[in-house]
Amino acid sequence: QVQLVESGGGLVQAGGSLRLSCAASGRTFSSYAMGWFRQAPGKERELVAAISWSGSSTYYADSVKGRFTISRDNAKNTVYLQMNSLKPEDTAVYCCALRASRYLAQYDSAYDYWGQGTQVTVSS
């Protein structure tokens with residue numbers, strides 16, 4: 001069993017920054033790929049960023065490239081999402097997910113464990 005707990009969400013003005021954290025427990029975190037997803041009201045869940053087990057491979061949605069950075073600290077069993085230059089359209093619930101594979105994937109059904117999510121609200 002895996003537990004994923006997100007933190008770091010909140011309310012920020014457009015142009016501001018937030019850093020989300022996702023702490024994992026219950027499994028060998030360092031062996032698995034991780035992803036950050038978001039879902040805004042009335043919209044489908046989308047993959048924002050993903051990272052392989054070692055951190056050597058990453059993926060970003062086009063909408064966040066150049067603004068968001070995913071990283072991981074395997075010693076702390078934690079994955080991060082640094083979000084800069086935030087826009088109102090980034091407003092959503094952000095969830096981290098673990099994929100029981102070393103390699104990242106771009107579709108949500110490939111991920112096996114999910115956190116509860118943290119709200120990010122960007123005001124204009």
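A short tour of the structure in this document, coming up. Owing to the predicted nature of the structure, the values given are computational and were not obtained by experimental measurement.

**Overview of the overall build of the protein chain**
The secondary structure content of the protein chain amounts to 0 helices and 11 strands. The order of α-helices and β-strands along the protein chain, N terminus first, is β-β-β-β-β-β-β-β-β-β-β. For 124 residues, the compact-globule estimate of 2.2 N^0.38 gives 14 Å, and the protein chain sits close to it at 13 Å. In terms of overall dimensions, the protein chain has C-alpha extents of about 40 × 25 × 25 Å along its principal axes. Sorting the 124 residues of the protein chain into buried and exposed places 44% on the buried side. Put simply, 58% of the contacts in the protein chain that link residues at least 6 apart link residues at least 24 apart.

**Quick word on the environment of Phe68**
Following the sequence through the fold, Phe68 ends up in strand S7 (residues 68-73). A C-alpha to C-alpha distance of 17 Å links Phe68 and Arg45, two positions 23 residues apart in sequence. Apart from residues lying up to four places away in sequence, Phe68 is in contact with Arg38, Val48, Tyr60, Leu81, Gln82, Met83, Asn84, Leu86, Asp90 and Tyr94.

**With respect to the pairing of strand S5 (residues 46-51)**
Most of S5 is tucked away, with 5 of its 6 residues classed as buried. Two elements, strand S4 (residues 33-39) and S5, share 5 bridges in a ladder whose sense is antiparallel. Bridge pairing in S5 places Met34 opposite Ile51. What sits between the antiparallel neighbours S4 and S5 is a turn of 6 residues, in which Gly42 has the positive phi angle 80 degrees. Two strands pair when backbone bridges link them, and S5 and strand S6 (residues 58-60) are joined in this way by 3 bridges, in the antiparallel orientation. Across the sheet, the residue bridging to Ala49 is Tyr60, located in S6. Hairpin connection between S5 and S6: a loop of 6 residues separates the two successive antiparallel strands, and Gly55 in this loop has a positive phi of roughly 90 degrees.

**Description of the sheet that holds strand S8 (residues 78-83)**
Spatial ordering of the open sheet is given by S1-S3-S8-S7, a layout of 4 strands whose pairing is antiparallel. At either margin of the open sheet sits one strand with a lone partner, and together these are strand S1 (3-7) and S7. Along the sheet, successive strands turn relative to each other by an average axial angle of 15 degrees, direction set aside. Pairing analysis gives 5 bridges linking S1 to strand S3 (residues 18-25), with the strands arranged antiparallel. For Glu6, the partnering residue across the bridge sits in S3 and is Cys22.

**Some remarks on unusual backbone geometry**
A positive phi angle, close to 55 degrees, is found at Asn77, a residue other than glycine. Assignment of secondary structure puts Asn77 in the loop between S7 and S8. With phi around 50 degrees, Ser85 is a residue other than glycine that occupies positive phi space. You can see Ser85 is positioned in the loop between S8 and strand S9 (92-99).

**Re the state of the cysteines**
One pass over the structure, following the stated rule, counts 1 disulfide. The side chain of Cys22 participates in a disulfide bridge whose partner is Cys96; the two sulfur atoms lie 2.0 Å from each other. The disulfide joining Cys22 to Cys96 has a torsion of about 55 degrees about its S-S bond and is therefore right-handed. One end of the pair, Cys22, is in strand S3; the other, Cys96, is in strand S9, and 74 residues separate them in sequence. Comparing Cys22 with Cys96 shows no difference in burial state: the two are buried.

The rules behind the values
Residues numbered from 1 in each chain as written. Predicted model: local features only at pLDDT ≥ 70, side-chain atom pairs only at ≥ 80, totals over all residues. Heavy atoms only, no water. Helix = DSSP H or I, 4+ residues; strand = E, 2+ residues; numbered from the N terminus. Rg over C-alpha atoms; globule rule 2.2 N^0.38 Å. Buried < 20%, exposed > 50% of the residue type's maximum accessible area, 1.4 Å probe, protein only. Contact = heavy atoms within 4.5 Å. Pairing = 2+ DSSP bridges. Axes fitted to C-alpha atoms, helices over the stretch in contact; angles between N-to-C directions. Disulfide = S-S within 2.5 Å.

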